[in-house]
Amino acid sequence: MTNRDSTPPPPWHAAALAHAVTQVRRIDAEVSDFPHITEGGRWRTTADGVWTGGFWAGLLWLAAIQARDATLVDAARRMTDRLLPRMHDQHNHDLGFMFYPSAIVAFRQTGNLAYRDAAIAAARALAGQFNPDGNYIPGWGFFGGAEWQGQVLIDTLMNLPLLAWAAGETGDASLLDVAHRHAATSLRYLLRADGSVYHMFRFDPASGAPLGGDTYQGAGPESAWARGQAWALTGLAILGAMTGDATYAAASARVARTFVDALPPERIPPWDFHDRQPDAARDASAAAIAAYGLLRLARLTGNPAHRDDAVDLLAALWQRCANRGEEGGLLLHATADLPHGLGIDESTMYGDYYYVKALTALAE
Ligand code: GLY
């Protein structure tokens, strides 16, 4: 992503990025597995990276590139290598999250074809989960139950860029076709008339017939789960840039308008926009993801208002949420899954990754 308008980053930007790199070094010294979310300010880690391991490897790559630090490069390679055995997962809609920030970046940085091949294998495994009757990739196959075969998550839009990249690398148009068909299903059923999105939509997996909107991590079926809005905004903006399809840019801009208009004055969204309580838990991760998406949308559309909105979000994250302490993640005040009591007012590896991704993009 190049900064075509050459607008300089805001004055606090260098300090925020330098502080982020320092925090990444601290976390790297603390953990040996993949940091997932914090509980009580301490990282819960996973050995295989569940669905978030790509963000830790990706954050290490971002910090390594930013700081030109060989120790961080070694750590980034080591954690990327540990994800590669996941390339054939047949029950994981998050293979884009797993392989784009890690293996594809590793391939670009090192030229090692093993990383490219692993990312292509992951794209094929993702495409292999496509339901051609319903025109969607089901979510949560890793939970294992048959009921997941009929559930489509808004988050999956963020995994489609892996398919678009692999189609470009291999010339296999069927991978791009899966991306377009899943995205069309998402736009038809998950995007609402007011520019907000459902967290999930249920289908009959046998016939592919649509059944209705629902949620898992939001306040209710008709609510606007903040991170879901951010995933949609960002996934559509990236897809628009990768495919040149103006439908995605227009849809991303609609979600962006609704997201930004719903923000409170201090710019960090509540975990769900329908939770109007003054002390509602916030979700800094949604702000970070949206900030990155808005920067992509600004570049895609040439509309500087999206960049201004992204800068507002990043300024608020730096001032209100950046962790100045010695424990936990880069961003405080994220919420992983409030209805299930997980990671409320904590740190998340996806929030941390997109915070640094957006800070980096602001200067590119
Ligand atoms: N993709 C799952 C989440 O955002 O929590």
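Above: the structure in question.
Residues numbered from 1 in each chain as written. Predicted model: local features only at pLDDT ≥ 70, side-chain atom pairs only at ≥ 80, totals over all residues. Heavy atoms only, no water.

Let us now look at the pairing of strand β2 (residues 42-46). Each regular strand carries side chains that alternate between the two faces of the sheet. Pairing analysis gives 5 bridges linking strand β1 (residues 34-39) to β2, with the strands arranged antiparallel. Along β2, the bridge assignment pairs Ile-37 with Arg-44. The turn linking β1 back onto β2 is made up of 2 residues, and Gly-40 within it adopts a positive phi angle of 60 degrees. (Pairing = 2+ DSSP bridges. Helix = DSSP H or I, 4+ residues; strand = E, 2+ residues; numbered from the N terminus.)

Next up on the list: the site of the ligand. By nearness alone, every residue bordering the ligand is listed as Trp-51, Asp-155, Gln-217, Trp-225, Arg-227 and Trp-231. Between the ligand and the protein, one listed contact pairs a nitrogen atom with a side-chain N or O atom of Asp-155 at 2.6 Å. Between the ligand and Arg-227, the relevant distance is 2.6 Å, taken from an oxygen atom to a side-chain nitrogen or oxygen of the residue. For the ligand, whose unbound accessible area comes to 200 Å², protein coverage reaches 93%. (Near = heavy atom within 4 Å. Polar contact = N/O pair within 3.5 Å; in protein donor to acceptor, adjacent residues only side chain to side chain. Areas by Shrake-Rupley, 256 points an atom, 1.4 Å probe, with all protein chains shown as cover.)

To continue, consider helix α1 (residues 13-30). A rise of 1.5 Å per residue sets the reference length of α1, with its 18 residues, at 26 Å; its end C-alpha atoms lie 26 Å apart and thus fit the reference within 8%. Among all positions in α1, only His-13, Ala-16, Leu-17, Ala-20, Val-21, Gln-23, Val-24, Arg-26, Ile-27 and Asp-28 are buried. Next to the buried residues of α1 lie β1, β2, α2 (53-67), α3 (70-83), α11 (304-321) and α12 (349-362). (Expected span 1.5 Å × (residues − 1). Buried < 20%, exposed > 50% of the residue type's maximum accessible area, 1.4 Å probe, protein only. Contact = heavy atoms within 4.5 Å.)

Another aspect to go through is the sheet that holds strand β4 (residues 200-203). If you trace the 3 strands from one edge of the open sheet to the other, you get β3-β4-β5, paired in antiparallel fashion. Across the chains shown, the open sheet's two edge strands, defined by having one partner strand only, are β3 (151-153) and β5 (210-214). When strand polarity is set aside, the average angle formed by the axes of neighbouring strands in this sheet is 25 degrees. Where helix α7 (residues 173-189) meets the sheet, its contacts fall on β3, β4 and β5, and the angle it forms with β4 comes to roughly 105 degrees. (Axes fitted to C-alpha atoms, helices over the stretch in contact; angles between N-to-C directions.)

For the rest of this paragraph, the subject is the packing of helix α4 (residues 95-110) against helix α6 (residues 160-170). Between α4 and α6, the least distance of the axes is 9 Å, while the angle of their chain directions is 40 degrees. Classified by the angle between their axes, α4 and α6 sit oblique to one another. Contact residues: α4 offers Leu-95, Gly-96, Phe-99, Tyr-100, Ile-104, Phe-107 and Arg-108, while α6 offers Pro-161, Leu-162, Trp-165 and Glu-169. For the contact of α4 with α6, the residue count by class is 8 nonpolar, 1 polar and 2 charged. (Parallel < 35°, antiparallel > 145°, perpendicular 65-115°, else oblique. Nonpolar A, V, L, I, M, F, W, Y, C, P; charged D, E, K, R; others polar.)

Moving on to the nonpolar core. Core analysis: the largest hydrophobic core is formed by 129 residues, its most contacted members being Leu-162 and Tyr-355. Counting residues per element, this core draws most heavily on helix α10 (residues 284-301), which supplies 11 residues. Each residue touching Leu-162, except ones within four places of it in the same chain, is listed here: Leu-95, Gly-96, Phe-99, Tyr-100, Ile-104, Ala-119, Ala-122, Ala-123 and Leu-126. (Core = buried A, V, L, I, M, F, W, Y, C linked by side-chain atoms within 4.5 Å.)

The next point concerns the packing of aromatic side chains. All told, the structure shown has 18 aromatic pairs when counted by the stated rule. Between Phe-55 and Tyr-354, the ring centres sit 5.7 Å apart and the planes meet at 65 degrees, which makes this aromatic pair edge-to-face. Remark: Tyr-354 occurs in helix α12 and Phe-55 occurs in helix α2; sequence separation between them is 299 residues. Like Phe-55, the residue Tyr-354 is buried in the burial classification. Within the aromatic cluster, the residues linked to one another by ring pairs are Trp-51, Phe-55, Phe-97, Trp-231, Tyr-292, Tyr-350, Tyr-353 and Tyr-354. Between Arg-192 and the ring centre of Tyr-198, over which it is positioned, the NZ or CZ distance is 4.1 Å. Positioned over the ring face of Trp-318 is Arg-324, at 4.1 Å from the centre of the ring. (Phe/Tyr/Trp six-rings, centres within 6.5 Å; stacked < 30°, edge-to-face > 60°. Lys NZ or Arg CZ within 6 Å of the ring centre and 35° of its normal.)

Mapped onto the elements, Arg-42 comes out in strand β2. Contacts of Arg-42, omitting those with residues within four sequence positions, involve Ile-37 and Glu-327.

Here the focus is α2. The end-to-end C-alpha separation of α2 is 21 Å, in line with the 21 Å expected for 15 residues at 1.5 Å each. α2 sits mainly inside the fold: 12 of its 15 residues count as buried. Among the residues of α2, Gly-53, Gly-54, Phe-55, Trp-56, Ala-57, Gly-58, Leu-59, Leu-60, Trp-61, Leu-62, Ala-63 and Ala-64 are the ones counted as buried. Next to the buried residues of α2 lie α1, β1, α3, α4 and α12. Just downstream of α2, Arg-68 is the residue with a positive phi angle, here 50 degrees.

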